[in-house]
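So the chains spell out like this:
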Amino acid sequence: MKKNIIHERSGGEKNPVGVEVARLSKNFGGQSVLRDLNLSIKPGEIFVIMGPSGSGKSVLLRQIAGLDLPTSGAVRINNHDPVEPDTRDRFALALVFQAGALFNSLTVDDNLALYPLEHRLCSRKEIRSRVERALKILSLENATKKFPSELSGGMKKRVAIARALVMEPQLLLYDEPTSELDPVMAATITEIIATLKNEFRVTSVVVSHDRDLALTIADRVAILMKGQLLFVGTPEELKQNRDPAIVDFMNPQIDLKNPRYLKLEAT
Ligand SMILES: Nc1ncnc2c1ncn2[C@@H]1O[C@H](COP(=O)(O)OP(=O)(O)O)[C@@H](O)[C@H]1O
Ligand SMILES: [Mg+2]
């Protein structure tokens with residue numbers, strides 16, 4: 001169950017949280033995926049991490065979520081290590097997985113309520129009201145009794161976001177929230193991410209290939225290439241940057257999902 005959403009009851013600290021990544025490296029066997037990465041994500045901002053397929057985006061997100069130990073270096077969430085259970089008690093984190101990770105045998109309603117019920121995050125009445133609120137925000141009121149197999153790709157993504165919202169997260173991590181969606185639905189999801197940030201003051205870290213998403217809603221964008229950061233700055237700074245590697249990266253003709261775009265080197 002824990003694979004879907006990371007959250008243990010948030011303690012007293014309700015404000016948006018900041019994330020510090022310090023000299024973070026992650027190796028798998030002989031492969032160096034993240035290399036001495038430094039990053040500072042400010043409380044309340046939308047921070048978009050872009051990069052070609054295989055550049056280490058999902059690995060970085062899992063590190064921030066505390067799902068995996070670093071090989072060296074550290075992640076800190078308001079000065080706390082995300083892998084420590086104490087941190088999970090202190091802050092509410094939620095991760096929206098790329099494939100949604102919905103339970104196929106459960107209705108939308110039950111998918112949203114399952115985790116908080118099992119972990120007794122709050123009273124049943126409070127869970128009910130959170131579920132209803134999340135369904136409303138994501139315009140899913142008519143889908144409550146549907147099963148995931150009956151939903152479109154865009155609806156599944158919305159359900160995955162709604163489920164994260166039920167946790168009332170202070171830090172919301174999204175892995176490719178607009179992938180495999182048509183442009184209209186991708187724009188809708190993009191808008192939802194911006195709305196959630198504004199209404200709930202949640203710090204949002206969004207891993208994405210989607211240049212439009214990055215340029216429209218990001219406060220800042222990072223470009224991850226071969227496990228290192230090629231760029232960190234505002235969308236405006238990104239648009240104006242003349243570094244050939246970045247200009248190339250932002251060229252819409254280049255398919256960032258093409259595995260040949262990037263080859264990781266051995267350590
Ligand atoms: N648990 C793992 N074990 C071994 N290799 C992994 C693991 N997770 C990711 N990798 C490798 O790390 C690299 C980066 O993966 P990932 O972060 O998923 O890329 P992306 O930027 O597309 O999200 C890939 O080469 C992938 O095969
Ligand atoms: Mg990925």
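Residues numbered from 1 in each chain as written. Chains lettered and ligands numbered in written order. Predicted model: local features only at pLDDT ≥ 70, side-chain atom pairs only at ≥ 80, totals over all residues.

Undergrad: I'm lost on the site of ligand 1 in this one. Help?
TA: Neighbouring ligand 1 are 11 residues, the closest being Phe 28, Val 33, Lys 57, Ser 58 and Val 59. The biggest single contributor to the shell around ligand 1 is helix α1 (residues 57-65), with 3 residues. When its residues are assigned to classes, the shell around ligand 1 shows 4 nonpolar, 6 polar and 1 charged. (Near = placed C-beta within 6 Å. Helix = DSSP H or I, 4+ residues; strand = E, 2+ residues; numbered from the N terminus. Nonpolar A, V, L, I, M, F, W, Y, C, P; charged D, E, K, R; others polar.)

Undergrad: Please clarify how the environment of Asp 219 should be interpreted in this entry.
TA: Counting through the fold element by element, Asp 219 comes out in the loop between α7 (211-217) and β8 (220-225). Look at Asp 219 and you get partly exposed, because 15 C-beta atoms sit within 10 Å. Taking C-alpha positions, Asp 219 is 22 Å from Asn 79, a pair spaced 140 residues apart along the chain. Here Asp 219 is in contact with Glu 45, Ile 46 and Phe 47, once residues within four sequence places are set aside. (Buried ≥ 20, exposed ≤ 12 C-beta atoms within 10 Å, placed from the backbone. Contact = placed C-beta atoms within 7 Å.)

Undergrad: Is there a simple way to think about the pairing of strand β6 (residues 171-175) in this case?
TA: In regular strands, side chains alternate between the two faces of the sheet. Of all 5 residues in β6, 5 are buried; the element is thus mostly enclosed. For strand β5 (residues 93-96) and β6, the ladder comprises 4 bridges, and the chain directions are parallel. Looking at β6, one finds that Ala 94 is bridged to Leu 172. Summarising the sheet, β6 and strand β7 (residues 203-207) pair through 5 bridges and their orientation is parallel. Across the sheet, residue Leu 172 finds its bridge partner in β7, namely Ser 204. Viewed along the sheet, the connection from β6 through helix α6 (residues 183-200) into β7 turns out right-handed. (Pairing = 2+ DSSP bridges. Right-handed = clockwise from strand over helix to strand, strands pointing away.)

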